[in-house]
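Observations on the model geometry
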Amino acid sequence: MDFRPKIVAFLCNWCAYTGADLAGTSRLHYAPNIRIIRIMCSGRIEPTFILKAFQQGADGVLVCGCHPGDCHYQEGNYKCLRRFKLLQKFTQQMGIEKDRLRLEWISASEGKQFAELVNDMTKTLLSMGPSKVKSSLEVEHLNV
Amino acid sequence: MSAEQTNPKPKLKLAVYWGSACGGCCVSVLDTHEKLLDIVAAADPVFWPIALDIKYKDVEAMPDQSIDLTLFNGAVRNSENKHIAELLRKKTKILVAYGSCAYMGGIPGLANFSGKSEVFERAYVETESTKNPERIFPVTEYPVKEGTLKLPEFFNDVLPLNKVVDVDYYIPGCPPQSERLIEVFTAIVSGAQLPPPGSVVGANDKTNCDECKRTKSENKTIDRFYRPWEIQDDKETCFLEQGVICMGPATRGGCGVRCVEGNSPCRGCYGPPPGASDPGAKMMSAIGTMINADKPEEIDEIIETIVDPAGLFYRFSLPGSILGRKVQ
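Along each chain, the written sequence defines residue order, and numbers are assigned to residues from 1. Written order determines the labels here, with chains lettered from A and ligands numbered from 1. Per-residue local features of the predicted model are confined to residues with pLDDT of at least 70, and side-chain atom pairs are confined, for both listing and counting, to 80 or more; whole-chain, interface and lining totals are unaffected and use all residues.

1. Regarding the interface of chain A and chain B
In this description, any two residues whose backbone-derived C-beta atoms lie within 7 Å of each other are considered to be in contact. Contact residues are listed per partner, giving 29 residues for chain A and 27 residues for chain B. The numbering of helices and of strands both runs from the N terminus, where a helix is a DSSP run of H or I of at least 4 residues and a strand a run of E of at least 2. Looking at the side of chain A that touches chain B, the elements with two or more residues in it are α2 (47-55), α3 (76-93) and α5 (133-136) of chain A. The class makeup of the residues in the side of chain A that touches chain B is 14 nonpolar, seven polar and eight charged. The nonpolar class holds Ala, Val, Leu, Ile, Met, Phe, Trp, Tyr, Cys and Pro. Asp, Glu, Lys and Arg form the charged class, and all remaining residues, Gly among them, are polar.

The structure is reproduced here in structure tokens:
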């Protein structure tokens, strides 16, 4: 069937979201598979948000923040990076492939890079197929 | 003084049942010691497999809603657990998920890191003490000349009680502290206003750190994590500040911080505090930022020292967590 990956993206207000906005105002064409959630800082992202996205059926989750050293709140992106690394070790243990969860730095001027990133992630997910997190939780699996 | 002498009300009917459990929760009821006499003075146990010989058919014969309080401990692992959970739900006014297993899956819930076929393979073929070249596995029905032998069906997943039936209250703990049980039981017997259904009772609204007596500083940074046996605990400083993972920040208080008082880090059996649905995610959030490094490679190096994050952070809560099980 026609598989269209769903990507939930958490973008920080100051760099990544502005970068995504630039991609739009520059009229760049990129994959429409992304659902953007704007947050004030990548340091605000709790592992719960990401796990919930997978539980609700996201095929991939993308987290974007300011480049290291550029955080509007000094060090939110470092906090994000540390949590992310730990979370990714956990999600891999849980059988979620590494490429389904990505953290990238996007500055306010990197509209083009953002569009490329979304295209690239969509392509990767297309080759991987749908995430099995949601179906693993469905009741039919109870009695396999 | 027994409740019966002061209270002319009819005695409550009490049921205690174990699903997929170790028996520790039932023992925690017995661990109320002499207070158990007060419990049986106020309530007649009508069904309690560890203590009374009452058959399932006796429970089936009871009128609906005739049991006042059921403490259901243990997770739901097979069709028998599920059947009794549904039966007791029908017969009971207040159904309590008692203990970590009924609340979030508990230790048996760690089986959700694999599935039924892997569990059977390990248990009936691979275990060092097993010799099973014909690969004989349990079946749910087996005909013999006297009739058909039946066994409950083993589910692929371990489930917390609330994924099978509606649960009125949760009493967390592995096992719940007996004093907490007495408090809850006394409240029910006295007819006190009960919290809204779905509440966690017999536990606090704050985390274990709030009650913990160890000295804590603002400077929480970790250069590497240690397993408890790898360091000499100074018996005074916060475990996390010593680099030992303690589930305190992501665990509801109410146990009296017993593990830490005994110089062992909290393992998280009381489940997440209010407002957090997933204790492991909360824990990763809390300690992730404590990692004292900024470069990805250095962060990786420190995270390497956490050997098994999934097993550690979800020791008592995997089936009740957001992901619930390993992807299959």
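2. Focus on the sheet that holds strand β1 (residues 7-12) of chain A
Residues and elements named next belong to chain A. Being paired, for any two strands, means DSSP has found at least two bridges between them. The strand order across the open sheet formed by four strands is β2-β1-β3-β4, and the pairing between neighbours is parallel. Bordering the open sheet on either side are β2 (34-39) and β4 (101-105), each of which pairs with just one other strand. Taking each pair of neighbouring strands and ignoring which way they run, the sheet shows an average axis angle of 20°. Note that strand β3 (residues 60-65) and β4 share five bridges and pair parallel. Across the sheet, the residue bridging to G65 is W105, located in β4. To obtain each axis, a line is fitted to C-alpha atoms, and for helices this fit is confined to the stretch in contact; angles are then taken between N-to-C directions over 0 to 180 degrees.

3. Side note on the pairing of strand β5 (residues 92-98) of chain B
Residues and elements named next belong to chain B. Whether a residue is buried, exposed or partly exposed follows from its count of other C-beta atoms within 10 Å of its own C-beta, namely 20 or more, 12 or fewer, or something in between, respectively; the C-beta atoms are built from the backbone. Along β5, five of the seven residues are buried, which leaves the element largely enclosed by surrounding structure. Of the strand pairs in this sheet, strand β3 (residues 67-73) and β5 are connected by six bridges, and their pairing is parallel. Paired with L71 across the two strands is V96, which belongs to β5. The pairing of β5 with strand β9 (residues 169-171) spans three bridges and is parallel. Considered in β9, the bridge of V96 is made with Y169.

4. Quick notes on the domain arrangement of chain B
Source of the domain bounds: an automatic or database domain assignment. On domain assignment, one finds that chain B holds domain 1 (3-108 + 158-200), domain 2 (111-155) and domain 3 (208-313). Placing the centre of domain 2 of chain B and that of domain 3 of chain B at their C-alpha centroids yields a distance of 38 Å.

5. Here's the deal with the sheet that holds strand β1 (residues 12-18) of chain B
Strand pairing in a sheet relies on backbone hydrogen bonds, with the paired strands running either antiparallel or parallel. Taken in spatial order, the six strands of this open sheet run β2-β1-β3-β5-β9-β10 (chain B), and their pairing is parallel. Edge strands, defined here as strands with exactly one partner in the open sheet, are β2 (43-47) and β10 (199-200) of chain B.

6. Things to note about the nonpolar core
Residues and elements named next belong to chain A. To form a nonpolar core, buried Ala, Val, Leu, Ile, Met, Phe, Trp, Tyr and Cys residues must be joined through C-beta atoms within 7 Å. Core analysis: the biggest nonpolar cluster contains 74 residues, and C12, F54, V61, V63 and C64 have the highest contact counts within it. Ranked by residues supplied to this core, first place goes to α3 with seven residues. Every residue in contact with V63, bar those within four places of it in the chain, is listed here: F10, S42, I45, C80, F84 and L103.

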